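A closer look at the structure
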Amino acid sequence: MRVVWTLAIASVLVTGAGAAQAADIRYFTIGTAGVGGTYFPLAGTIANSISNPPGSRGCDEGGSCGVPGLVAVAQSSHGSVSNVSAIASGGLNSGFSQADVAYWAYSGTGTFEGREPMRDLRVIAALYPEHVHLIASRSSGIASVKDLKGKRVSLDKTDSGTYPDAVLILEAFGIGEADITVENLKPESASEAMRAGELDALFFVGGYPARALAELAAQADVILVPISGPEVDTMLLEHSFFTRDEIPDGAYPDVAGVPTVAVGAQWLTSLAASNDLIYAITAALWNSNTRHLLDVGHAKGASVTRETALDGIGIPLHPGAERYYREAGMIR
């Protein structure tokens, strides 16, 4: 599993922190998804923002405004389903997840039907809306979801957040997995397959622009396929975590925008995580210094705001995060 070690860790190595300082370091992992998506670079920015290794300059001295002694690490994974499972088992301290996947995992419903509910999952913050991308090669002749029948389509890894949403969308348009040639490829691999002419279309759920898709659009003749119509109206009535949205013109090089659906991205942790630690992490997340880093980092960073931190949350807040939001006057 590929891991990005944040700048905060590099600073420990550069300053030559002694054994006593090293003993004081606390590591905090953030599960993401593939390196070509949105979770990975955004988690890297947040990891740097909440980190403050021993020996670092303090916030009031122009240094890190993160949690003293903390080194956060953005860790690649297969995505939402993989992340919630790893959080529940103790394999990750935290992770990003789609709101629908978080609710299904917590309640033992949806894609987690028949599994033990993950009742210890807790939210740190809602982050931003994730858009369902359906990208097709222009030569495939695909212009609508219904045109996917008989085509080669990647639904992403089965333990990703994209996969269950792709299946729901296909079902809404009367398409079963037996009606298409299913591939379960991560966005990077799916993009490579499309460039090689081995794939007609791919689904991806994430904030735009996703690096893997931007590279694909720059190197191949592709289109965004609209996800709209009466089928979507019916789907939204049944699955309230979806909202109507759009991917605008120019989000990807020379690709026209389309109407689509979106679902919220959230940062999750476990109830077992220290209340004081999660309180401090939440405070560091919404520090003005972090605001600057989010604004100049990935394009979706600007959508991560304290004002929307409680939007669309369907499972409980972590007590440490709840304490922060209550003190901030956001919860009465």
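Before going into details, it helps to say that this report is about the structure given with it. Because the structure is predicted, anything quoted here is derived from the model rather than measured.

1. A few points about unusual backbone geometry
The residue after Tyr 208, namely Pro 209, is reached through a cis peptide bond having omega -5°. Looking at the element boundaries, Pro 209 is found in the loop between strand S10 (201-206) and helix H8 (211-219). Residue Asp 254 is not a glycine yet carries a positive backbone phi of 60°. By the element assignment, Asp 254 lies in the loop between strand S12 (243-247) and strand S13 (258-270).

2. Quick word on the side chain of Ser 137
The residue Ser 137 is located in strand S7 (residues 121-137) in this model. Using a relative accessible area of 9% as the deciding quantity, one classes Ser 137 as buried. Contacts of Ser 137, omitting those with residues within four sequence positions, involve Met 194, Leu 199, Asp 200, Asp 221 and Val 222.

3. Describing the packing of aromatic side chains
Taken as a whole, this structure holds 6 aromatic pairs when the rule is applied. With centroids separated by 6.3 Å and ring planes inclined at 80°, the aromatic side chains of Phe 96 and Trp 267 adopt a geometry described as edge-to-face. Of this pair, Phe 96 sits in strand S6 (residues 94-98) while Trp 267 sits in strand S13, and the two are 171 residues apart along the sequence. Each member of the pair, Phe 96 as well as Trp 267, is classed as buried. Centre to centre, the rings of Phe 241 and Phe 242 are 4.9 Å apart; their planes meet at 55°, and the pair counts as tilted. Grouping aromatic residues by their ring pairs yields a cluster made of Tyr 39, Phe 96 and Trp 267. Note that Arg 119 overlies the ring of Tyr 106, its terminal NZ or CZ placed 4.9 Å from the centroid. In this arrangement the basic side chain of Arg 323 is found over the ring face of Tyr 279, its NZ or CZ atom lying 3.7 Å from the centre.

4. Description of empty space enclosed by the protein
A full pass over the atoms with the stated rule returns 1 cavity of 30 Å³ or more. What the largest cavity holds in volume is close to 170 Å³. Around the largest cavity, the lining is made up of 19 residues, and of these Ala 33, Asp 156, Thr 162, Phe 204 and Val 205 lie nearest the centre. In terms of residues, the lining of the largest cavity owes the most to one element, S10, which gives 3 residues. The residue inventory of the lining of the largest cavity, partitioned by class, reads 5 nonpolar, 11 polar and 3 charged.

5. With respect to the side chain of Ser 80
Within the secondary structure layout, Ser 80 lies in helix H4 (residues 80-89). On the basis of relative accessibility, which here comes to 2%, the residue Ser 80 falls in the buried class. Sequence-distant contacts of Ser 80, defined by excluding residues within four places in its chain, comprise Tyr 39, Phe 96, Ser 97, Gln 98, Val 101, Asp 159, Ser 160 and Gly 161.

Each value, and the rule that gives it
Residues numbered from 1 in each chain as written. Predicted model: local features only at pLDDT ≥ 70, side-chain atom pairs only at ≥ 80, totals over all residues. Heavy atoms only, no water. Helix = DSSP H or I, 4+ residues; strand = E, 2+ residues; numbered from the N terminus. Buried < 20%, exposed > 50% of the residue type's maximum accessible area, 1.4 Å probe, protein only. Contact = heavy atoms within 4.5 Å. Phe/Tyr/Trp six-rings, centres within 6.5 Å; stacked < 30°, edge-to-face > 60°. Lys NZ or Arg CZ within 6 Å of the ring centre and 35° of its normal. 1 Å grid on protein atoms, 1.4 Å probe; cavity = no way out; pocket = protein on both sides within 12 Å on 5 of 7 lines; lining within 4 Å. Points joined across faces, edges and corners; volume = space filled by probe spheres on them. Nonpolar A, V, L, I, M, F, W, Y, C, P; charged D, E, K, R; others polar.

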